[in-house]
Amino acid sequence: MASDKPVLEISNLHAGIDDTPILRGINLEIPAGEIHAIMGRNGSGKTTTANIIMGHPDFDVTDGTVELDGGDLLEMEPWERAREGVFLSFQYPQAVPGLQVGNFLRKTVAAIRGEDVAKGAEFRKTLKDAMTELDIDRSFLGRYVNDGFSGGEKKRFEILQLMLLQPKLAILDETDSGLDIDGIRTVAKGINAAVRGTDSGALIITHYSRILEHVQPDKVHVLIKGRIVKSGGPELALELEERGYEWLETEAENSA
Amino acid sequence: MAATEAREAVGEYKSGWHDPENATIRFDFGLSEQVVRDISALKNEPEWMTEIRVKAFHHFDNRPMPTWGNMSMLEEIDFDKVCYYLRSSDATEKDWEDVPEDIRNTFDKLGIPEAEQKWLSGVTAQYESEAVYHSIREDLEQQGVIFLDMDSGLREYPELVKKWFCSVVPYQDNKFSALNTAVWSGGSFIYVPKGVHVELPVQAYFRINAKNMGQFERTLIIADEGSSIHYVEGCTAPTYSTDSLHSAVVELIALPGAHIRYSTVQNWSTNVYNLVTKRGIAHENAKIEWVDGNIGSKLTMKYPAVILKGEGSHAEVISVAYSGKGQHQDAGAKIHHLASNTTSKILSKSISKDGGRGSYRGMVSVSPKAENCKLNVVCDALILDDGSRSDTYPTMEVANPSARCEHEASVSKVSDEQLFYLMSRGHSEEEALAMIVNGFFEPFTRELPMEYAVELNKLMALEMEGSIG
Ligand SMILES: Nc1ncnc2c1ncn2[C@@H]1O[C@H](COP(=O)(O)OP(=O)(O)O)[C@@H](O)[C@H]1O
Ligand SMILES: [Mg+2]
């Protein structure tokens with residue numbers, strides 16, 4: 001029952017922080033069932049884009065719209081966006097000392113998918129299966145959220161949440177960095193399972209093509225200085241890998 | 001006071017209601033030697049107790065206020081505007097049905113009878129100056145465990161009380177221990193015979209109902225050789241625009257090999273001064289633990305102490321303090337290592353918010369003769385906004401070089417990124433803050449009985465409500 005609206009539609013998005021513009025007119029459309037990738041150098045605005053979709057309070061949107069299934073996201077608080085089905089796997093997940101992983105997961109699933117889903121034997125089984133699939137030990141549940149986690153553990157924990165929350169839109173901000181090749185494969189499996197054949201969508205932010213070999217993106221977008229300067233198929237990722245970003249930067253400057 | 005003002009004063013505090021005052025005996029405001037003698041006469045006390053009360057009164061009267069802590073708040077206490085004795089029920093009942101209805105309803109609302117059914121060995125419920133309800137499980141009584149309100153303890157076991165009363169906290173210890181000794185009423189008296197382990201906790205609950213009330217309970221716990229007991233106490237009061245005074249003294253004696261754990265969740269309304277002296281003596285291989293949570297009150301000054309008198313004894317003070325608007329929690333711990341091979345651990349966690357002020361005041365000493373002692377002190381503060389304040393005043397006096405001391409302190413702030421992470425997981429800003437705060441308190445809450453831990457988490461969640469600007 002795919003709706004005719006795209007899962008995510010960003011139009012002419014301008015945003016910044018403290019009067020400094022960061023995003024300068026982004027347009028992006030992810031139809032149901034598709035996986036898109038955003039690539040770009042450090043500082044090009046990838047994380048900012050993710051933060052704005054999720055509703056980070058520090059950023060000001062000065063122009064443009066962001067819609068989820070045709071609904072205006074910018075009007076909503078971050079937790080409302082989460083409940084509507086937006087999920088962000090953070091580039092730098094935050095530690096919350098004293099908050100136990102098991103407890104946090106139960107509360108989070110309850111907040112987003114409802115109390116009923118977060119209770120009982122069925123939830124415990126779903127959780128156990130997801131952890132097995134991600135190769136996460138049971139003892140993990142008693143640890144504190146992201147507290148003292150290694151880089152790889154943090155990323156696996158983000159994907160565990162993705163699997164339990166089943167969002168409409170999954171944004172993965174550099175989830176591949178800090179993961180070994182097995183980790184990347186597992187994560188890719190998780191993303192494919194969450195999106196392919198469903199009416200969900202995913203946006204993968206990365207600056208390596210590695211993860212894209214395992215999740216065939218439908219589209220690859222190149223972000224330079226807060227603008228998408230080029231979009232293409234999966235082959236664009238490989239081209240970037242070979243040629244770098246300079247040729248696009250020159251093109252962008254010439255057209256600006 | 002206008003209704004809106006009253007609501008503002010109550011804020012998120014959920015135990016701030018009050019019953020109509022149906023005093024059977026109420027003393028006029030103010031304190032004098034006569035008041036002290038009247039309290040003693042009313043209770044038909046032995047001569048020696050009257051004498052010690054009177055001496056303590058004169059000590060209190062002559063002793064200046066402490067010149068540390070929050071002096072300006074202390075100066076605001078008007079000792080002439082305090083009611084030093086108020087009785088609302090003429091008996092301490094063994095059956096809740098016999099407790100006057102208003103009072104019973106209050107304890108019902110506070111969940112005391114329910115807790116008693118589920119997970120306690122015994123309960124004492126004090127309302128104003130006297131215990132109105134008291135119970136202990138029969139099997140414990142049969143094993144010789146004494147659990148009474150302090151007045152009954154003095155009546156039924158005068159020799160035991162005489163032997164230990166003021167032996168850990170002399171009335172001269174400080175101005176407020178003198179005040180308590182002069183006018184004490186209620187509190188618990190516990191004796192656990194040799195080798196008896198009281199498996200489920202016993203609980204005391206203290207409720208102040210009247211305005212301008214002074215509550216001065218006195219607790220004495222003696223754990224004989226190789227025995228163990230866990231005592232838990234809670235307290236609440238109505239919210240009034242005028243202040244009340246709570247000044248307790250607690251003395252613990254852990255004889256060789258005994259183990260006493262004393263847990264408190266203090267949730268007085270923010271018009272109550274809470275000036276309490278708590279101290280225990282640990283004999284050979286004994287263990288004393290204070291688990292101390294301070295959430296309510298206007299000003300708390302409380303530093304649970306342990307004197308490690310016997311070789312191989314152990315002390316722990318685990319405390320949390322929450323200071324909100326208009327509150328100052330000046331709390332901490334004192335541990336004195338007098339004997340060799342003694343160990344101690346202090347963990348202090350404090351949160352301040354909305355201009356609240358938290359202070360950690362700690363004193364750890366090792367005497368010259370005490371060899372191979374181990375000390376560990378950790379204090380962490382979490383500040384939730386810019387106007388709030390946290391200070392630490394740690395003192396270590398180590399007179400024996402073989403001691404191993406560890407000390408860590410940290411001050412942190414809740415970061416926007418942490419909040420955003422939790423909000424992105426479907427939790428409102430208030431829920432996110434409560435999760436961070438409860439996480440910060442977790443090393444403390446995990447030491448509490450589960451029911452208390454749940455209650456504390458709920459309290460903190462309430463405190464975080466409406467806190468986001
Ligand atoms: N919180 C912030 N405060 C100030 N500047 C920021 C903040 N976040 C991002 N920026 C700036 O915005 C630009 C884009 O950053 P970011 O979106 O993190 O890039 P990327 O994820 O592509 O590496 C950078 O110049 C960065 O310095
Ligand atoms: Mg980034």
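About the criteria used
Residues numbered from 1 in each chain as written. Chains lettered and ligands numbered in written order. Predicted model: local features only at pLDDT ≥ 70, side-chain atom pairs only at ≥ 80, totals over all residues. Heavy atoms only, no water. Pairing = 2+ DSSP bridges. Helix = DSSP H or I, 4+ residues; strand = E, 2+ residues; numbered from the N terminus. Buried < 20%, exposed > 50% of the residue type's maximum accessible area, 1.4 Å probe, protein only. Axes fitted to C-alpha atoms, helices over the stretch in contact; angles between N-to-C directions. Contact = heavy atoms within 4.5 Å. Polar contact = N/O pair within 3.5 Å; in protein donor to acceptor, adjacent residues only side chain to side chain.

Residues and elements named next belong to chain A. One open sheet accounts for four strands, arranged β2-β1-β4-β5; its pairing is antiparallel. Sheet topology places β2 (20-30) and β5 (71-72) at the edges, where each strand pairs with a single neighbour. Of the strand pairs in this sheet, strand β4 (residues 60-68) and β5 are connected by two bridges, and their pairing is antiparallel. Counterpart to glutamate 67 in the pairing with β5 is aspartate 72.

We now examine helix α1 (residues 46-54) of chain A. All names here are of chain A. α1 sits mainly inside the fold: eight of its nine residues count as buried. Along α1, the residues that are buried comprise Lys46, Thr48, Thr49, Ala50, Asn51, Ile52, Ile53 and Met54. Of the residues one or two after α1, glycine 55 is the one with positive phi, at around 100°.

Before going further, it helps to spend a moment on the pairing of strand β9 (residues 219-224) of chain A. Residue and element names in this part refer to chain A. Burial of β9 is extensive: five of the six residues sit out of reach of the surface. Of the pairings in the sheet, the one linking strand β3 (residues 35-39) to β9 comprises four bridges and is parallel in character. From the neighbouring strand, alanine 37 faces β9, where its bridge partner is valine 220. Relative to strand β10 (residues 227-232), β9 runs antiparallel, the two sharing five bridges. What sits directly across from valine 222, in β10, is lysine 230.

Okay, the sheet that holds strand β13 (residues 259-266) of chain B next. The strands that make up a sheet are held in pairs by hydrogen bonds between backbone atoms, and each pair lies either parallel or antiparallel. All names here are of chain B. Pairing in this open sheet of 10 strands is mixed, and the strands run β4-β3-β7-β10-β13-β15-β18-β20-β22-β24 from one edge to the other. The sheet is open, and its two borders are formed by β4 (130-136) and β24 (404-413), each paired with just one other strand. Strand after strand, the sheet turns through a mean of 5° between neighbouring axes, direction not considered. By the bridge criterion, six bridges tie strand β3 (residues 122-127) to strand β7 (residues 202-207) in an arrangement that is parallel. Bridging across to β7, valine 123 finds its partner in glutamine 203. Packing against the sheet, helix α12 (residues 429-445) makes contact with β13, β15 (287-294), β18 (314-323), β20 (343-352) and β22 (374-383), and its axis sits at approximately 165° to β20.

Turning to the environment of B:Ser228, a few remarks are in order. All names here are of chain B. Mapping serine 228 onto the fold places it in strand β10 (residues 228-236). For serine 228, a relative accessible area of 15% translates into the label buried. Along the backbone, serine 228 and alanine 178 are 50 residues apart, and their C-alpha atoms lie at a distance of 29 Å. Within the structure, the side chain of serine 228 is placed 2.7 Å from the side chain of histidine 197, a separation counted as a polar contact.

Just distances and angles here, no functional claims.
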